[in-house]
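Commentary on secondary and tertiary structure
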Amino acid sequence: MEALKSAFDFSDFPRSDLFVAGALVVLLLVFPLFPHSAFAMATVIQFFIFSLYGMGWNTIGGYGGQVDLGKAQYVGIGAYTTAVMLIRWDIPFWVSMPVGVCLAVAWSFVIGFPLFRLKGHYFAIATIATSLVLKDLFEVWDFVGAARGLEISPIKYTPPDFLRLIFREDIYYYYVIFAFFLIGIFYINWFRKSRLGFQLRAIKDNESVAQSLGINVHLAKVKTYAIATAFVSVVGSFHACYIKNIEPEDTMSLNISILIALMAMLGGAGSLWGPIIGAGILIPLKSYLKEWLGATAGLVGIDLILYALIIMIISATEPRGIWGIVERLRRRKPN
Amino acid sequence: MPLLEVHNLVKNFGGLKANDDISFTVEKGELIGLIGPNGAGKTTLFNCISGLHPVSSGRIVFDGEDITSLKAFDIARRGMARTFQVYVASGDLTVIENVMVGAFMHTRLRTAARSRAEEILSNLNLAELTGYRVSELPVAAQKRVTMATALATGPKMLLLDEVAAGLNPSEVDEIMSGIRHVHNDMGITVMLIEHVMELVMKISDRVIVLDYGQKIAEGQPRQIAGDPRVIQAYLGERYVREHSQELT
Amino acid sequence: MDILLSSLVAGIMFGMALSLVALGLTIIFGVMDIVNFAHGEFLMIGMYTGLLTAQAAGVDPLLTLPAAALVGFVLGVLCYAGFVKYLLRGPMIAQLLGTFGLMLFLRNMALLIFGANDRAVHQGLLVGKSIDLGMGVIIPATKLAAAGLAAVSFGAVWLLMNRTKFGKALTATALNPQGARYMGIPTERMNALAWGIGCASVTIAGALIVNFWSVNPYIGLLFTMLAFAIVALGGFGSVPGAFFAGIVVGLITEIPGFWDFLTYTFDIDWMADVPMTSFKYMWVYLAYFLIMVVRPRGLFGWKH
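This one's a predicted model, so the numbers in the text were calculated from it and none came from an experiment.

Procedures and definitions
- Residues numbered from 1 in each chain as written.
- Chains lettered and ligands numbered in written order.
- Predicted model: local features only at pLDDT ≥ 70, side-chain atom pairs only at ≥ 80, totals over all residues.
- Helix = DSSP H or I, 4+ residues; strand = E, 2+ residues; numbered from the N terminus.
- Rg over C-alpha atoms; globule rule 2.2 N^0.38 Å.
- Contact = placed C-beta atoms within 7 Å.
- Buried ≥ 20, exposed ≤ 12 C-beta atoms within 10 Å, placed from the backbone.
- Pairing = 2+ DSSP bridges.
- Axes fitted to C-alpha atoms, helices over the stretch in contact; angles between N-to-C directions.
- Parallel < 35°, antiparallel > 145°, perpendicular 65-115°, else oblique.
- Left-handed = near helix turned anticlockwise from the far one by under 90°.
- Nonpolar A, V, L, I, M, F, W, Y, C, P; charged D, E, K, R; others polar.
- pLDDT = per-residue confidence, 0-100.
- Core = buried A, V, L, I, M, F, W, Y, C linked by C-beta atoms within 7 Å.

**Notes on the overall build of chain A**
From N to C terminus, chain A includes 15 helices and two strands. Its C-alpha atoms give chain A a radius of gyration of 20 Å, within 12% of the compact-globule value 20 Å for 335 residues. Counted over contacts in chain A with a minimum sequence separation of 6, partners at least 24 positions apart contribute 75%.

**Section: helix α8 (residues 195-205) of chain A**
The element α8 of chain A is largely enclosed, with a buried count of ten among its eleven residues. Three or more residues of α8 of chain A are buried, namely L196, G197, F198, Q199, L200, R201, A202, I203, K204 and D205 of chain A. The inward-facing, buried residues of α8 of chain A contact α3 (38-63), α7 (170-193), α9 (207-212) and α10 (217-243) of chain A together with α3 (95-103) of chain B.

**Some words on unusual backbone geometry**
Residues and elements named next belong to chain B. Positive phi outside glycine occurs at D63, with the angle close to 55°. You can see D63 is positioned in the loop between β4 (57-62) and β5 (65-66). When the 17 C-beta atoms within 10 Å are taken as the criterion, D63 is described as partly exposed. In this model, N125 sits at a positive phi of 55°, which is unusual for a non-glycine residue. Position of N125 relative to the elements: it lies in the loop between α4 (110-123) and α5 (139-152). With 13 C-beta atoms packed within 10 Å, N125 lands in the partly exposed category.

**Quick word on the sheet that holds β4 of chain B**
Residues and elements named next belong to chain B. Taken in spatial order, the four strands make up an open sheet running β2-β1-β4-β5, and their pairing is antiparallel. The open sheet is flanked by β2 (16-26) and β5, the only strands paired with a single partner. Summarising the sheet, β4 and β5 pair through two bridges and their orientation is antiparallel. Its bridge partner being in β5, V61 is matched across the sheet by D66. Along the sheet, helix α1 (residues 42-49) contacts β1 (4-13), β2 and β4; its crossing angle with β2, the most-contacted strand, is approximately 65°.

**A few points about the arrangement of the chains**
Taken together, the two pairs of chains in contact show their highest number of contacts between chains A and C. The least C-alpha distance between chain B and chain C, which are not in contact, is 10 Å.

**Some details on the sheet that holds strand β6 (residues 80-82) of chain B**
All names here are of chain B. If you trace the six strands from one edge of the open sheet to the other, you get β6-β7-β8-β3-β9-β10, paired in mixed fashion. Bordering the open sheet on either side are β6 and β10 (214-219), each of which pairs with just one other strand. Recorded for the sheet is a direction-independent mean angle of 20° between the axes of neighbouring strands. Pairing of strand β3 (residues 31-35) with strand β8 (residues 189-193), which is carried by four bridges, proceeds in the parallel orientation. The partner of G33 across the bridge, within β8, is L192.

**So, the packing of helix α4 (residues 72-89) of chain A against helix α5 (residues 93-115) of chain A**
Helix-helix packing is characterised by the crossing angle of the two axes and by the distance between the axes. Residue and element names in this part refer to chain A. For the pair α4 and α5, the least separation of the axes is 8 Å and the interaxial angle reads 140°. Here α5 runs oblique to α4, going by the angle between their axes. The chirality of how α4 crosses α5 is right-handed. Between α4 and α5, the contacting residues are Y74, I77, G78, T81, T82, M85 and L86 on the first element and F93, S96, M97, V99, G100, L103, A104, W107 and S108 on the second.

**Let's talk about the interface of chain A and chain B**
Quoted interface sizes are often the accessible area lost when the parts come together. Listed as interface residues are 20 residues of chain A and, on the opposing side, 27 residues of chain B. The set of elements that each furnish at least two residues to the side of chain A that touches chain B consists of α1 (2-7), α8 and α9 of chain A. Counting residues per element, the side of chain A that touches chain B draws most heavily on α8 of chain A, which supplies seven residues. Tallied by class, the residues present in the side of chain A that touches chain B amount to five nonpolar, nine polar and six charged.

**Some words on the pairing of β1 of chain B**
Residues and elements named next belong to chain B. As judged from the seven bridges shared by β1 and β2, these two strands associate in the antiparallel manner. Bridged to N12 within β2 is K17. The antiparallel pairing of β1 with β2 creates a hairpin that spans two residues between the two strands, and G14 there sits at a positive phi of about 60°. Pairing of β1 with β4 involves five bridges; the strand directions are antiparallel. When the bridges of β4 are listed, V10 appears paired with S57.

**Here's the deal with the confidence of the model for chain A**
Within chain A, residue pLDDT values average 86, and 97% of them lie at 70 or more. Here α1 of chain A is the element of chain A with the lowest mean pLDDT, 78, and α10 of chain A is the one with the highest, 93.

**So, the interface of chain C and chain A**
Listed per partner, the contact involves 37 residues of chain C and 36 residues of chain A. Residue assignment for the side of chain C that touches chain A shows that the elements contributing at least two residues are α3 (65-89), α4 (92-114), α9 (220-234) and α13 (282-294) of chain C. Ranked by residue count, the leading element in the side of chain C that touches chain A is α4 of chain C, at 15 residues. Here the residues of the side of chain C that touches chain A are counted per class, giving 32 nonpolar, five polar and no charged.

**A short note on the nonpolar core**
If you look at the biggest cluster of nonpolar residues, it comprises 286 residues, and the most contacted ones within it are L262 of chain A together with A17, V21, A229, I230 and Y288 of chain C. Per element, the largest residue contribution to this core is 16 residues, and it comes from helix α1 (residues 2-32) of chain C. For A229 of chain C, the residues in contact, after removing those within four places along its chain, are V249, V284, A287 and Y288 of chain C.

Right under this line is the structure:
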């Protein structure tokens, strides 16, 4: 009960923030009802997807300060579990999604216990290695379609199929992922105020001090890693139904891992709104820059160059991300 | 039964003996001062007792239980709290949040942790700092906050590592009254490392002196102040030889 | 038997080139504790430099090493002075983010300028020639030359680091930046030079590798990962460690060859069915993960 109350309690944010957040939620809620391009719709869905990835990453990476660059492997586990179960055994999304979470979390424990013996850079690089190992395995594993990947063929089903999450129009996907998005926000809002959330922030601050306050640092990290994993895996499952065509290169590549971490870090790691702000800026930027500059002007790669420049400037000038800038400006104001 | 027993504790770092065969006991309700020149092994001793460093040999018994091989967090959960000599708050935790981390040791509930933290902050006269970030505070205030955080875990025993270092006299007085409050009113056994002799000598029941990793003296503050070995450790052998008459 | 020998020789030679790739990473890490995720991109730049200089000047690609070294050095110093310097003030998370940004930037600049196609060296003194070492071991001359020149370059950098005043100043900066500053060592300049030398050694490696490996803008990541594996194995910051670990990792990339050897020698059917070449780099990642977990300091690590 207290947990629920805590999840819906945003009272430690200024009113203006809540007003902006509320207005945005209403805007997103009614967006599909207004005329829009399919491209805009797809971009907003991508925004939801990456916000959720970022929120998951933010638990361990932001609040816990453990820079995890291997989240794509869990996108892959979630996506492949759902796709394999649907294609081979016709098992609906709502069953395969939790199964995927269980598998992903189990795998996160297997690698998490050794991984968290490492700190800092060493940890970050080791997470990349684990993710690449899994990707390489999936690329040759015939059961999951090897490098060709898997394709969910929508003709077999009669959309809208709410059990299997097979739809013809994006608007259904939009509202499903929107619901996940809201649940994600409430969950993180609870998490950041929970005991584990506090413990992680103490760990980020100073591990020795955290130990001396009775915190099992290793276990707290592994637990949070599992939470982050669950987030990513759920969205990975959704991704499989939405994209319908998954292959190791798209779902499990290092680029995805990096993008997930970047969203959160750019927006502001360790804050509730950070990953959402990060995704809100980067995803539209990325897809529209690609559309305008890449496709229209024929300048391949220039979208990513601008994107990279933004990242470089932010990391050199305000490492706490955009939310860090907001907070700094706010503090300067006399009150 | 003593609250803490340390038997023949040895801690090696490579070839260096940071703690060499140290034994002592602390009774419930005592306030023990731990002094010694720089590099004498005081902080290492704290690190061994609180489980941050594994000991090389020896035995540590806390509240009747052998804690020698327990991990730091396990020892903390059994009622041993500590502060750190060098503590640079870099995170974004506010004072109340920082103290809540300690309070979360015994509860899962945020409301309970919060009210406990508020209570401790007001007990230590820190209530007005509640909303500040720890990293924004001056060093003196940061040290009091870390003490409050350690206390929030509800310890039986508190190890304080140089809480008065670098503070001005009025700040030392403040921290001293804080320690007295913890010891007398909250009934917590305290052991403190301190270079500010005035503070140690004034409030300790007993003082233990380390030099080059060994325990060279133990006794009441007055005895310790006149102990030639202690004076030698602090002032150097030559000084003692040359001024032997004045000193005795 | 000849499969085994060929794999051994190929692994060692590739490993020597890889050592040089990792050398730059380990110098930079050793001096300022920053992990450069854009490292492989510098290799890619070295590869393009070698290829394009050779084409433009009409010389053999092996002779483009000075050009590659110059480009790498200048680029490294510029990167440090214009960007990395500011990153060092921030927390680790910003450093990771920042060098990722640099990686994306360099990669996509290359994409914009050179296009996505694979390009390879087709002409040259040694291209297409090979040397028969006997016992069935035939090695391409380009690989042999690359390995030899890599070892020479490696030795030169090692001498620079160990036998000169500059090298000592660099080591001092690595061990204790503040202390070095008090001793009058211009640590800022040392950091910049470390970036210059680190990047120069990797662009040299690029100009060597391009002789037998085609280049595209995406090539960097694979080599970044290989370099990380080598540096982890050899110990972060250790120069001799990088050399031996490079050879070990070179041999690890030849595991498919050893696998084939076992398959044919003992005539084991199921072994022939395993698509080992697909796992070529997985062994490197796996080795990296295991090394990090078992011995995070690496085999020759000297810093913490």
